[in-house]
Amino acid sequence: MTQLNSTLAKHSRLLEGKVAGIPTSDGAGVKLLRVLTPNLQRRLDPFLMLDEFRSDQADDYIAGFPDHPHRGFETVTYMLTGRMRHRDNQGNEGLLQAGDVQWMTAGRGIIHSELPEQEEGLMHGFQLWLNLPSQSKLCAPAYQDISAQQIPLLTPQEGVNIKLIAGTFEGHQGAVKRPQTEPLYLDIELSAGSQYFAAIPASHNAFLYLYQGSLAVGEHAQLLQAQHLGILNNDADSQGVWLQAKQPSRVLLIAGRPLAEPIAQWGPFVMNTREEIEQAVEDYRNGRF
């Protein structure tokens with residue numbers, strides 16, 4: 001490391017833990033990798049789930065995600081490659097294509113479908129679930145399509161490119177801003193051998209998800225391998241995270257201000273209490289979404 005990078009590395013968060021993605025299926029049998037699971041929800045508050053879907057076999061994704069409900073949180077779908085059509089019972093419809101993001105606030109209740117608009121080729125992307133604070137869980141549903149062209153692309157130094165999906169970073173505002181949870185959502189691409197220090201608010205829980213390549217993280221150059229989530233420790237003295245790419249790499253850096261509220265989840269409903277979950281189920285069954 002150069003002296004500058006050595007100094008920055010000393011102010012980096014460290015890897016507290018590493019989690020391998022778990023192969024599973026969801027929807028009508030879509031194969032995916034679940035990398036943020038319910039046992040991590042408290043530790044990575046306000047984030048509830050992260051899935052990666054990646055396959056060039058149509059049988060793995062063709063059935064998609066037919067109509068299903070949500071209440072109490074937000075879904076963020078980031079498409080790298082492929083085409084996915086969204087429709088919901090609020091009258092919204094949109095087509096996700098390469099580089100696009102769909103940000104949906106389920107609020108008090110929404111029923112939607114996410115169906116592929118391709119019968120061959122690679123389908124690759126991510127879906128993140130972001131919790132809503134208790135006072136906003138029953139807000140009006142909302143939907144936003146964000147095209148690839150609307151997402152700021154930053155090149156802070158040679159060999160480093162960053163897509164700023166959400167939050168404020170290096171003086172730039174991302175495509176989405178949320179005042180309660182203040183999410184930061186970056187897709188960072190690093191060339192082989194490049195080093196970069198990414199600033200993260202000390203108040204935020206944060207994690208990395210490496211989906212391509214190999215990274216060394218923090219002062220002790222802890223290794224993070226592809227298809228692994230790296231939990232970043234909370235350190236009041238840290239200013240961010242230092243990354244060094246061992247090979248061409250792409251990593252999601254996701255951080256947010258914790259809500260520190262109870263989490264009650266039953267499938268597609270995330271509330272604060274069991275009673276609220278029971279009410280969500282009753283409302284859905286009685287057509288009140």
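On a predicted model such as this, the values are computed, not experimentally measured, just so you know.

(A) Spotlight on the side chain of Arg250. Along the chain, Arg250 turns up in strand S24 (residues 249-256). Here the side chain of Arg250 touches Asp187 through a polar contact of 2.6 Å, side chain to side chain. In contact with Arg250, not counting residues within four places along its chain, are Tyr78, Leu80, Lys163, Asp187, Ile188, Glu189, Tyr209, Leu210, Tyr211 and Gln212.

(B) Local environment of the pairing of strand S19 (residues 205-212). Burial analysis of S19 places seven of its eight residues in the buried class, the great majority of the element. Where S19 lies against S24, seven bridges are found, and the strand directions are antiparallel. By the bridge assignment for S24, Gln212 is matched with Arg250. Pairing between S19 and strand S22 (residues 228-232): five bridges, direction antiparallel. Of the residues in S22, the one forming a bridge with Ala206 is Leu232.

(C) The arrangement of the packing of aromatic side chains in detail. In total, this model carries 10 aromatic pairs according to the counting rule given. One aromatic cluster is present, built from ring pairs that chain together Tyr78, Phe126, Tyr185, Tyr209 and Tyr211.

(D) How the structure looks around the sheet that holds strand S7 (residues 84-88). In space, the four strands of this open sheet follow the order S5-S10-S7-S8, with antiparallel pairing throughout. Unpaired on one side and paired on the other, strand S5 (65-70) and strand S8 (93-96) mark the two borders of the sheet. With direction set aside, neighbouring strand axes in the sheet form an average angle of 20 degrees. When S5 meets strand S10 (residues 110-116), the two strands line up antiparallel, connected through four bridges. Within S10, the residue paired with His70 across the bridge is Ile110.

(E) How the structure looks around the nonpolar core. Counting 28 residues, the largest nonpolar core has Phe126, Tyr185, Phe207 and Tyr209 as its most contacted members. With near-sequence residues (within four places) excluded, Tyr185 lies in contact with Val76, Tyr78, Phe126, Leu128, Lys163, Leu164, Ile165, Ala166, Leu252, Leu253 and Ile254.

(F) Broad picture of helix H2 (residues 274-285). Its 12 residues give H2 an end-to-end C-alpha distance of 17 Å, which sits within 8% of 16 Å, the value for a rise of 1.5 Å per residue. Residues of H2 that are buried: Ile277, Ala280, Val281 and Asp283. Looking down the long axis of H2, one finds its buried residues gathered within 165 degrees of arc, a one-sided arrangement. Residues of H2 that are exposed and point over 90 degrees away from its buried face: Glu275 and Arg285. Looking at the buried positions of H2, the neighbouring elements they touch are strand S25 (264-266) and strand S26 (269-271). Note on H2: the residue one or two positions beyond its end, Gly287, has a positive phi of about 70 degrees.

Rules and cut-offs
Residues numbered from 1 in each chain as written. Predicted model: local features only at pLDDT ≥ 70, side-chain atom pairs only at ≥ 80, totals over all residues. Heavy atoms only, no water. Helix = DSSP H or I, 4+ residues; strand = E, 2+ residues; numbered from the N terminus. Polar contact = N/O pair within 3.5 Å; in protein donor to acceptor, adjacent residues only side chain to side chain. Contact = heavy atoms within 4.5 Å. Buried < 20%, exposed > 50% of the residue type's maximum accessible area, 1.4 Å probe, protein only. Pairing = 2+ DSSP bridges. Phe/Tyr/Trp six-rings, centres within 6.5 Å; stacked < 30°, edge-to-face > 60°. Axes fitted to C-alpha atoms, helices over the stretch in contact; angles between N-to-C directions. Core = buried A, V, L, I, M, F, W, Y, C linked by side-chain atoms within 4.5 Å. Expected span 1.5 Å × (residues − 1). Arc of directions from axis to C-beta.

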